[in-house]
Amino acid sequence: GKALMGTGMADFLAMGFVSLVSGFPVPIILSAFILIMTLLTNVVSNNAAAVIGTPIAIGIAQRLGLPLEPFVLAVLFGANLSFATPMAYQTNILLMNAAGYKFGDFVRTGLPLANAPISARTLFGLCIENAGWAINCLTRARVSVRADIAWTANHLSMTRGSPRQRRSKSAR
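Attention in this report is confined to the structure presented alongside it.

What counts and how
- Residues numbered from 1 in each chain as written.
- Predicted model: local features only at pLDDT ≥ 70, side-chain atom pairs only at ≥ 80, totals over all residues.
- Heavy atoms only, no water.
- Helix = DSSP H or I, 4+ residues; strand = E, 2+ residues; numbered from the N terminus.
- Buried < 20%, exposed > 50% of the residue type's maximum accessible area, 1.4 Å probe, protein only.
- Contact = heavy atoms within 4.5 Å.
- Core = buried A, V, L, I, M, F, W, Y, C linked by side-chain atoms within 4.5 Å.
- Salt bridge = Lys/Arg side-chain N within 4 Å of Asp/Glu carboxyl O.

Quick word on the environment of Phe83
At step 1: Its place among the elements puts Phe83 in the loop between α5 (68–79) and α6 (90–99).
At step 2: Phe83 gets classed as partly exposed once you look at its relative accessible area, which sits at 33%.
At step 3: Residues Phe83 and Pro112 lie 29 residues apart in sequence; the distance between their C-alpha atoms is 9.1 Å.
At step 4: Residues within four places of Phe83 in sequence aside, it is in contact with Asn42, Asn92, Phe106, Gly110, Leu113 and Ala114.

Right, dumping it as C-alpha cells:
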C-alpha cells in the first residue's frame, strides 16, 4: 500500500480506471471495481489484494467525487471472492490436494460463485438507483399535476368568471 501511494502508482491506476468508466452509473463502476478486485484476489492472497486495492479505491472515489466508503467496501467484498483458483486461499490448496481436485475444477465452480454476488450487487444497485429516479419522476409529476390543476382553475375563472360571478349573472 505504501509503495503504491509513494510512487504515485495508485493515482495512476485510479486515473486509468476512472477514464474507462467515467460515463457509467455508480453501481456499474462499483461492480467493475469489485470484478477487478476479484480477479486480483484469485492471483494473490486476499490480504495482498486488499492492501493493493485500498489506495486505488480511495483514488477512484476522490477522482469521481464520491464517498470513500462504498469503494473501500468494494475492496473488502472483492478481495474475499477467492473461489476461482486453488492458490487464491489456503484452504483451496488444502482441499485440492486432499480431494484430488484439478485447477479446472476450481475455475469451473469458482467463477459462477464469484460472479453471483457481483451480478446481484449490480442489479440491486441499478434497481435502487432507478427507484430513486422513479420516485423523483413521480414527485415531479405530482407537482406538475397540481400546477396544471391550479393553472386550469385560474384560467377558467379568468375566462368565464368565478362560480360566484356566474351564479350572480344567471340570477339576473
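A few points about the environment of Ala114
At step 1: Turning to its location among the elements, Ala114 is positioned in helix α7 (residues 103–160).
At step 2: Considering only alpha carbons, one finds Ala114 and Gly78, 36 residues apart in sequence, at a separation of 8.7 Å.
At step 3: Sequence-distant contacts of Ala114, that is, excluding residues within four places in its chain, are made with Thr38, Leu81 and Phe83.

Here we look at the nonpolar core
At step 1: Grouped together as the largest cluster of nonpolar side chains are 24 residues, with contacts concentrated most on Phe17, Phe33, Ile60, Phe71 and Val75.
At step 2: At the level of secondary structure, the elements contributing two or more residues to this core comprise α2 (9–21), α3 (26–41), α4 (46–64), α5 and α7.
At step 3: Considering every element that reaches this core, the biggest residue donor is α4, with 6 residues.
At step 4: Not counting chain neighbours up to four residues away, the residues in contact with Phe71 comprise Ile29, Leu30, Phe33, Ala57, Ile60, Ala61, Leu64 and Leu66.

Some points on the pattern of salt bridges
At step 1: Applying the stated criterion to the full structure yields 1 salt bridge.
At step 2: As a salt-bridge pair, Arg108 and Asp105 come within 2.5 Å of each other at their nearest N and O atoms. With a gap of 3 residues between them, Arg108 and Asp105 both fall in helix α7, about one helical turn apart.
At step 3: The exposure class of Asp105 is partly exposed, given its relative accessible area of 24%.

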